[in-house]
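Structural overview for review
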Amino acid sequence: MCSIVIILVVIAVLGHFQSVTGAENCTIHAKGNSKFPDNFSFGVATSAYQIEGAWNADGKGPSIWDEYTHKHPDRIKDKSNGDIAAESYHHFDLDLKALKDLKVDHYRFSIAWTRIFPNGCVSSRNQKGIDYYNSVINKLLENGIEPMVTMYHWDLPAELQKFGGFTNSLIVEQFLMYADELFESFGDRVKTWITFNEPNQVCKFGYGTGSVAPMVELPGVGDYLCYTNLLKAHGATYRLYRSKFFEKQQGKIGITLDSIYGVSKTNNNVDVDRAMQYTLGLLAHPIFSKSGGFPPLLVKDVQKNSFAEGRKKSRLPNLDEYWKALIRGSADFLGINYYTSKYVKRSTDLMGESPSMARDYNVEETFDPKWLVAKSEWLHCYPEGLEGLLKFIRDEYDNVEVKITENGWSDEGELVDENRVLYFKSHIQAVLNAIHDGSNISSYSAWSLVDNFEWNKGYTEKFGLYSVNMKSHKKERIPKKSAHYYRKVIETRTIPNEDFV
Ligand code: GBH
């Protein structure tokens, strides 16, 4: 009996010790200034498929995510989909109220291509879809909230996937026509455009491993084709905006890349650089470096492996001088989605299958068990990683203007979300530290405004500042502790103590 009690006490103490250790690691020391610059913009982010619902309302066509979730419900942890979600399409006023309560400066949302052109093509133009986003944009502006618009957040028109989606260079032209419509319809009021959200997720998982829509499993081949076509579509869109719309509309246009920060246990900078070139550099080098083109390290690896596989040329498509020049400098800012970091170490064994990006990269990625972990098993709290990433960008890409377009934490959806508060507190501090160190950061968007459809995890991992009453047809939004905390950050432009409420 007595020994059982002792064991229980030991377990309790260890458990307590462990959680305290994790939480302690979700903090960061403040450097220098305690206040954000006056013109720094705070906001929140969402994406169309994850919040809108109304999947086939008012003429909307099916996207690859509609098809994927409908045909393969078993691929989604709770077999759910985005058919209804937080139903922002019918309840935007609830989102607007939440945005006003938070006192955000801007709202980052995405436009569903399939509401504008239901089958992807300009000939299917759908006025009702255009009306919807006009009303969203107008209501934001009436309330002093700046719209920040993502043109593509993973919901490709299903019809375009029949042509191979991003593996077919036709996508460049198709995207350009879609972009032209958006600039034409909304560019008088939208001054911040993001072409693509997280090409890494689109290409590596959509066309490489096939673990998400459109489930194309072509590792080491389809992924690189996708990156190349996506970069071309991005570059061409930037040039279109600058030549046809900029003079009148005077907006900025950029791209959002997701990146970890690679941490080396042995301070091996070669390993860190390899990790950064394969995650951030793959897209950032062609756009933001002086020389342009894919990172030389990657070009060399993929060519070497391709020859060893018996090919006559590299699996990584060649960006010729025309495209290299068109893509280089094709962004006014770099959007960054940062969530987590990893320990990186060049592997001595061959990683992944052949061919694959994992094999080309050949780096082992691990977590530190001391880092506080979210409901999402890939998400660990490491604010120093955000600081490290911002420093890397400052030095590698000539201190380009950076907008943090996503940063956030998942849990079970509890209203007293202490760990999310801790996460925001430490990561917003990391941004402030980076500004102190000379990084050119102009805005921060928390992911996400409301709990939403978390892709393959369905509704089992929640990222919202607001909870959504999914059982009621009214879909009420309920603020969590983190919403109160974030509002305080925005009001004071400082980083308040987490136990102010
Ligand atoms: C961002 O992706 C997305 O832009 C956003 O839409 C998303 O909701 C948010 O982050 C949170 O994930 O264990 O197989 O389900 C960040 C990259 C994409 C990494 C989803 C983890 C799930 C892996 N994340 N991915 S899995």
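Below, the structure is looked at part by part. (Residues numbered from 1 in each chain as written. Predicted model: local features only at pLDDT ≥ 70, side-chain atom pairs only at ≥ 80, totals over all residues. Heavy atoms only, no water.)

1. Thoughts on the site of the ligand
Surveying the vicinity of the ligand reveals 16 residues, the closest of which are Gln-50, His-153, Glu-198, Glu-454 and Trp-455. Glu-406 is positioned with one of its side-chain polar atoms (N or O) 3.0 Å from an oxygen atom of the ligand. One of the side-chain N or O atoms of Trp-447 is found 3.3 Å from an oxygen atom in the ligand. When grouped by side-chain class, the residues that make up the shell around the ligand number 6 nonpolar, 6 polar and 4 charged. (Near = heavy atom within 4 Å. Polar contact = N/O pair within 3.5 Å; in protein donor to acceptor, adjacent residues only side chain to side chain. Nonpolar A, V, L, I, M, F, W, Y, C, P; charged D, E, K, R; others polar.)

2. Some details on unusual backbone geometry
Ala-213 connects to Pro-214 through a cis peptide bond whose omega is 5°. With respect to the helices and strands, the residue Pro-214 is situated in the loop between helix H9 (199-209) and helix H10 (222-249). In the Ramachandran plot, Lys-79 falls in the positive-phi region, its phi being about 55° despite a non-glycine side chain. For Lys-79, the position within the fold is in the loop between helix H3 (64-71) and helix H4 (92-102). The phi angle at Asn-362 is positive, at roughly 50°, despite the residue not being glycine. (Helix = DSSP H or I, 4+ residues; strand = E, 2+ residues; numbered from the N terminus.)

3. Some details on the pattern of salt bridges
Between side chains of opposite charge, a pair can form when the charged atoms approach closely. By the definition in use, this model includes 34 salt bridges. Taking the shortest distance from any N to any O, the salt bridge between Asp-101 and Lys-97 comes out at 2.9 Å. Of this pair, Asp-101 and Lys-97 both sit in helix H4, 4 residues apart, which is roughly one turn of that helix. One network of salt bridges, in which partners are shared, links Glu-309, Arg-311, Arg-315 and Asp-360. (Salt bridge = Lys/Arg side-chain N within 4 Å of Asp/Glu carboxyl O.)

4. Remarks on the environment of Gly-385
Residue position: Gly-385 is located in helix H15 (residues 383-396). For Gly-385, a relative accessible area of 0% puts it in the buried group. For the pair Gly-385 and Leu-176, spaced 209 residues apart in sequence, the C-alpha to C-alpha distance is 35 Å. Filtering out sequence-adjacent residues up to four positions away, Gly-385 remains in contact with Tyr-261, Tyr-338 and Ser-341. (Buried < 20%, exposed > 50% of the residue type's maximum accessible area, 1.4 Å probe, protein only. Contact = heavy atoms within 4.5 Å.)

5. Focus on the pairing of strand S8 (residues 342-346)
Pairing geometry for strand S6 (residues 262-263) and S8, over 2 bridges, is parallel. What sits directly across from Val-263, in S8, is Tyr-343. As paired strands, S8 and strand S9 (residues 363-366) are joined by 4 bridges and run antiparallel to one another. Looking at the pairing, Lys-345 lines up with Glu-364 of S9. (Pairing = 2+ DSSP bridges.)

6. Some thoughts on the state of the cysteines
Inspection of every chain in the model, using the stated rule, returns 2 disulfides. Paired through a disulfide, Cys-26 and Cys-381 show a sulfur-sulfur distance of 2.1 Å. Its S-S torsion of about 80° marks the bond between Cys-26 and Cys-381 as right-handed, since a negative value means left-handed. You can see Cys-26 sitting in the loop between helix H1 (2-24) and strand S1 (41-45) and its partner Cys-381 sitting in the loop between S9 and H15, a full 355 residues away along the chain. The same class applies to Cys-26 as to Cys-381, namely buried. Here Cys-203 pairs with Cys-226 through a disulfide, and the sulfurs are 2.1 Å apart. Linking Cys-203 and Cys-226, the disulfide has an S-S dihedral of approximately -65° and is accordingly described as left-handed. Within this pair, whereas Cys-203 is found in helix H9, its partner Cys-226 is found in helix H10, the two being separated by 23 residues in sequence. Each of the two residues, Cys-203 as well as Cys-226, counts as buried. Disulfides within the chain link the bonded cysteines, taken in sequence order, as 1-4, 2-3. (Disulfide = S-S within 2.5 Å.)

7. Topic: the packing of H9 against H10
Between H9 and H10, whose axes approach to 7 Å, the crossing angle comes to 145°. Here H9 and H10 pass one another in a crossing that is right-handed. Across from Pro-199, Asn-200, Val-202, Cys-203, Lys-204, Tyr-207 and Gly-208 in H9, the residues of H10 making contact are Gly-222, Asp-223, Cys-226, Tyr-227 and Leu-230. When the residues that make up the contact of H9 with H10 are grouped by side-chain class, the tally is 7 nonpolar, 3 polar and 2 charged. (Axes fitted to C-alpha atoms, helices over the stretch in contact; angles between N-to-C directions. Left-handed = near helix turned anticlockwise from the far one by under 90°.)

8. Let's talk about the side chain of Arg-189
Looking at the secondary structure, you find Arg-189 in the loop between helix H8 (170-186) and strand S4 (192-197). There is a polar contact of 3.0 Å between the side chain of Arg-189 and the side chain of Asp-188. Apart from the residues lying within four places of it in its own chain, the contact partners of Arg-189 are Asn-134, Ile-137, Asn-138, Leu-141 and Pro-147.

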